[in-house]
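# Examining the three-dimensional arrangement
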Amino acid sequence: MVKIVDVRINGRGGQGAVTASRLLAEAAILEGQYVHAFPNFGPERAGAPVTSFSRICSEPFTEKTEVYNPDIVVVIDSSLLGEVQVVEGLKLGGTIICNYEGKIESLKYYFEEVDSKIYKISGTRIAREELGINKPNMVMLGALLKVAPVVKLESLIKVTKERFKGVIGEKNAKAMKRAYNEVEL
Amino acid sequence: MINPIVKGMTGDEAVAWAAKQINPDVIAAYPITPQTIIVERFSDYVNDGLVDTSYIPVESEHSAMSACVGASATGARVFTATASAGLALMYEILYVASGMRLPIVLAVANRAFSAPINIHGECTDQMVCRDASWISLFGETAQEAYDETIMSFKIGENPEIMLPTMFGIEGFIVTHALERVDTLPDKAVKDFLGDKRVIPPCCTFNPFAVGTFGSLVLQDNYMELKRQQEEAMHKAYYVTKNVMAEFSEISGRNYEIIEKYKLEDAEYAFVSYGATAGNAKAVVDRLREKGEKVGTLKIRLYRPYPASDIYEALKGIKAVSVLDRSATFGSPATIAQGDLAAALYGKEDVPTLHGYINGLGGRVLLLPEIEQIYEQSKNYHEEGKALTQDWIGYRR
Amino acid sequence: MKKKEIPIDIQNWHINKWGTEKLPIGGAVPFHSSYGYKTGNWSARKPFVDQEKCTGCLNCFYYCPDSAIEMQEIDGKYVAECDFNYCKGCGICVQHCPVNAIEWTKVRWHTK
């Protein structure tokens, strides 16, 4: 049976969690994969915790549910760690990628009882340096692709440049490449 | 078969894209909640000059359908979209559209009714309109949403039919979810539909064939006119079959009015419609791996109801679980189960029917729950219960 | 204005009681004029215009919902006259006549 990869992105309204899951799915479509990607709709407003999902598989699949047991969790905002159960439903041996400024040891403190691989990326810093604003969504995707190559980085850069035309696309591509190289276990 | 152009689109965007390729003459829609992205995206196309449609933003869904009726009576090709409470507000005019035999196409994002206020997926809104003499289709994926938009025009505009068509895709789980959609080139869509609608001469406002519409018809002729609708509905079954066959040829995707999945040697089966069918198929795959003989049947065309096809598909199966994502209260059976029971009644070798109301207000029917349904229906069958009705996926 | 009769096929529709096979779909009536529908026998009262009093102001002509008032030229002067084939006897013209030239009279219908 072909493996379906479920990705959940936890973020805050306005940080681009929805855009991130969409672009990840579009990159997968570009490679000829099959996807089902959607945000969890509710009363969203800027700053509120939001989740969005991408389900990616190289073969057609028919599941049409929200992602309850993700393989990979991407946490765009570290302030969510104490607030939302970001590990909820995560599969055994799953992957967590967290935007975190401190040391990786202090990040692991949050996930003491969780059997999963924890990766850290200074997404906010990279986003501020490369883009000038705190929009670390694409940075996090860059880190995700290093850890779990669900799609190729080139495909993601291509759809990102289509979505964000001109300078912003270039900057995002650069930030993604940097994140791809800087993610640490 | 025409080579597809692969795009990543949500269900709403797929419908809007199909509508753009069809380039209807008029779209009238109410642009506020519970409206969907379909008309929002289409208004972009109008603004960018990609279509020649006149776009009428009206003040309510009642007016939206009324404007569609007026526009369609002139012979224009008309499209609109709505959801839940909006469809309920249209309800009165739905009967006008079908009674005047106007082939309007309506995209429904199936969402729950208030109260309590909810905007998530559930098919009750379209199900309550099943008796409005509208041809009614359900779509499972964004791909089907795209294809059914195109097919709906072809079915309704057939001169033998001349009935409005609605097709439903479930709110959020299909309408707002990004999926891979294989689209046709613009020219292929145009060729498939033909340039102009074929209109009987009396049935249009134009200077050469004037007539009176919507006149008072009392006991003398009313029943004859309603019976004509029933006969057109009967023909629509065959026309839909042909249109789907024709579309399968150009698109390379196999469309039938019902979709059978691993039913050939099945002893137990699920019957469902819309996105739930996708989950049922996934569960069938899981159960088949365990060695269970199970299949699933998806009803794509709900009105006219393909009773004989369904009987042929379900003949010899022991028990059928009907996964019904629409609410009915105090009813002897769930909505889809009731229709299914009527289609099978008195025939030989029919399965026992077990209806499950699920997924109301966007609640997700989880795959383990469907497996649980399977086990339960098996027990019911062994206990000899012919017709049972349950709710699943709620807390006690 | 030329008066049109009901087309023969519409007459058949009423007289022969067409069924589902012949009736035009959607309740559409493929005939655009109400000249053929004589509604003159609907009423108990009818307006009679006193042609001496009538000033030809056209008030009744415009207010008549059935367009049953016609203007006739008599001695170089236009006066109103009611076409009893179409008058449904609503009495609106009587109310609107500024010179009270229209009399609102009971009529007795004779059966043949």
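To start, this report covers the structure provided alongside it. (Residues numbered from 1 in each chain as written. Chains lettered and ligands numbered in written order. Predicted model: local features only at pLDDT ≥ 70, side-chain atom pairs only at ≥ 80, totals over all residues. Heavy atoms only, no water.)

One widely used convention gives an interface's size as the accessible area the parts lose upon coming together. Taken together, the 14 residues of chain C in the interface contact 17 residues of chain B. Between chain C and chain B, a total of about 1,300 Å² is buried, with carbon and sulfur atoms accounting for 62% of that surface. Of all residues in chain C, Thr 20, Ile 25 and Gly 26 of chain C give up the largest surface area on contact with chain B, accounting jointly for 42% of the area buried on that side. Put simply, chain C and chain B have zero salt bridges between them. Connecting chain C to chain B are two residue pairs in polar contact (both at pLDDT 80 or more). (Contact = heavy atoms within 4.5 Å. Buried area = accessible area lost by both parts, 1.4 Å probe. Salt bridge = Lys/Arg side-chain N within 4 Å of Asp/Glu carboxyl O. Polar contact = N/O pair within 3.5 Å; in protein donor to acceptor, adjacent residues only side chain to side chain.)

On the side of chain A, 20 residues touch chain B, which itself brings 26 residues to the contact. In total, about 1,900 Å² of surface goes out of reach between chain B and chain A, with carbon and sulfur atoms giving 64% of it. Among the residues of chain B in contact with chain A, Ile 173, Leu 178 and Arg 180 of chain B are the three that bury the most area, contributing 34% of the side total. Where chain B touches chain A, the interface holds two salt bridges. Glu 13 of chain B is the partner of Arg 22 of chain A in a salt bridge, and the nearest nitrogen-oxygen pair spans 3.0 Å. Counting every contact that joins chain B to chain A gives eight residue pairs in polar contact (both at pLDDT 80 or more). Those elements that place two or more of their residues in the side of chain B that touches chain A are strand 1 (5–10), strand 8 (178–183) and helix 9 (276–289) of chain B. The dominant element in the side of chain B that touches chain A, judged by the number of residues it contributes, is helix 9 of chain B, at five residues. For the side of chain B that touches chain A, the class distribution of residues is twelve nonpolar, seven polar and seven charged. (Helix = DSSP H or I, 4+ residues; strand = E, 2+ residues; numbered from the N terminus. Nonpolar A, V, L, I, M, F, W, Y, C, P; charged D, E, K, R; others polar.)

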